[in-house]
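# Structural overview for review
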Amino acid sequence: MWGSINDKFSKYPARMAVAQKMIDLGLRIGEDKRVYCGDLKISDSALANAADVDRRVIKSTVNIIFNDEELYEIFSNILPAGTFLKNIAKNLGLGVVEIEAGKESQGILASVALLLSENEIDIRQAYAGDTQLQEKPVLTIITNDPIPGELINEFLKIKGISRVSLL
């Protein structure tokens, strides 16, 4: 996906910023050439502010995407991921662990899930940063119960993990 988007927008950093922001936020383009989050219409001004670009860049980016079959197939089918519980986990009595991956990130999610399962800790939510979008992707795991501090060393033994934080 990113190869195609990079090919189309590499000469236009502002348009690339808009495309990245749309993917980050789960925004799609509708048949009416408008930007949506689910069924909520997003104003060009709001998206321009979020992407730190001029409002006119939104229109031009949407037009390019709308008129490109491959890009439209991607951007018309994006769905928002829903509520991310990280910032309210403490209020809900949940645990949070953030894991930064190194260069070798293959299998980290499976290894972390196995470690938590072995310690009878249920996963409520998992969010993995995109390795193509982020220089240092972070895996955030929300658990039904707080994670004991002694598991930090166990997490760090997993191949590819460079940093672990309990929140």
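To keep things clear, this report deals only with the structure shown in the data block.

What counts and what doesn't
Just so you know, the residues in each chain are numbered from 1, in the order the chain's sequence is written. Reporting of local features is limited, given that this is a predicted model, to residues whose pLDDT is at least 70; pairs of side-chain atoms are given and counted only at 80 or more, and all residues count toward the totals for whole chains, interfaces and linings. Side-chain descriptors were evaluated using all non-hydrogen atoms of the structure, hydrogens and water having been removed beforehand. Labels follow the DSSP assignment, with helices taken as runs of H or I lasting at least four residues and strands as runs of E lasting at least two, numbered in each case from the N terminus. To estimate the expected span of a helix, count its residues, drop one, and scale the result by 1.5 Å. Under the scheme applied here, a residue whose accessible area is under 20% of the maximum for its type counts as buried, over 50% as exposed, and between as partly exposed, the area being computed with a 1.4 Å probe on protein chains only. Directions pointing from the helix axis toward each C-beta atom define the arc. For two strands to pair, DSSP has to find at least two bridges joining them. The aromatic pairing rule takes the rings of Phe, Tyr and Trp, using the six-membered ring of Trp, and pairs them if the centres are within 6.5 Å, calling planes under 30 degrees apart stacked, those over 60 edge-to-face and the rest tilted. To sit over a ring, a charge needs its Lys NZ or Arg CZ within 6 Å of the ring centre and within 35 degrees of the ring normal.

### Points about helix α4 (residues 55-66)
Between its first and last C-alpha, α4 extends 17 Å over 12 residues, near the 16 Å set by a 1.5 Å rise per residue. What α4 keeps buried is the set Val57, Ile58, Thr61, Val62 and Ile65. One side of α4 holds all its buried residues, which, seen down the axis, span an arc of 130°.

### Re the sheet that holds strand β1 (residues 28-29)
As a general point, the strands of a sheet are linked pairwise by backbone hydrogen bonds and lie either parallel or antiparallel. In space, the 3 strands of this open sheet follow the order β1-β2-β3, with antiparallel pairing throughout. Looking at which strands have only one partner, the edges of the open sheet turn out to be β1 and β3 (40-42). In this sheet, strand β2 (residues 35-37) lies alongside β1 in antiparallel orientation, the contact comprising 2 bridges. Note that in β2 the partner of Arg28 across the bridge is Tyr36.

### Quick notes on the packing of aromatic side chains
Within the structure shown, the criterion is met by 2 aromatic pairs. Here the aromatic rings of Phe66 and Tyr72 are separated by 5.2 Å at their centres, their planes lie at 75°, and the arrangement is edge-to-face. Geometrically, the ring pair formed by Phe84 and Tyr127 is tilted, given 5.1 Å between the ring centres and 45° between the ring planes. Remark: Tyr127 occurs in strand β5 (residues 123-128) and Phe84 occurs in the loop between α5 (69-75) and β4 (95-101); sequence separation between them is 43 residues. For Phe84, a relative accessible area of 37% puts it in the partly exposed group. One residue, Arg15, lies across the ring of Tyr12, its end atom 4.4 Å from the ring centre.

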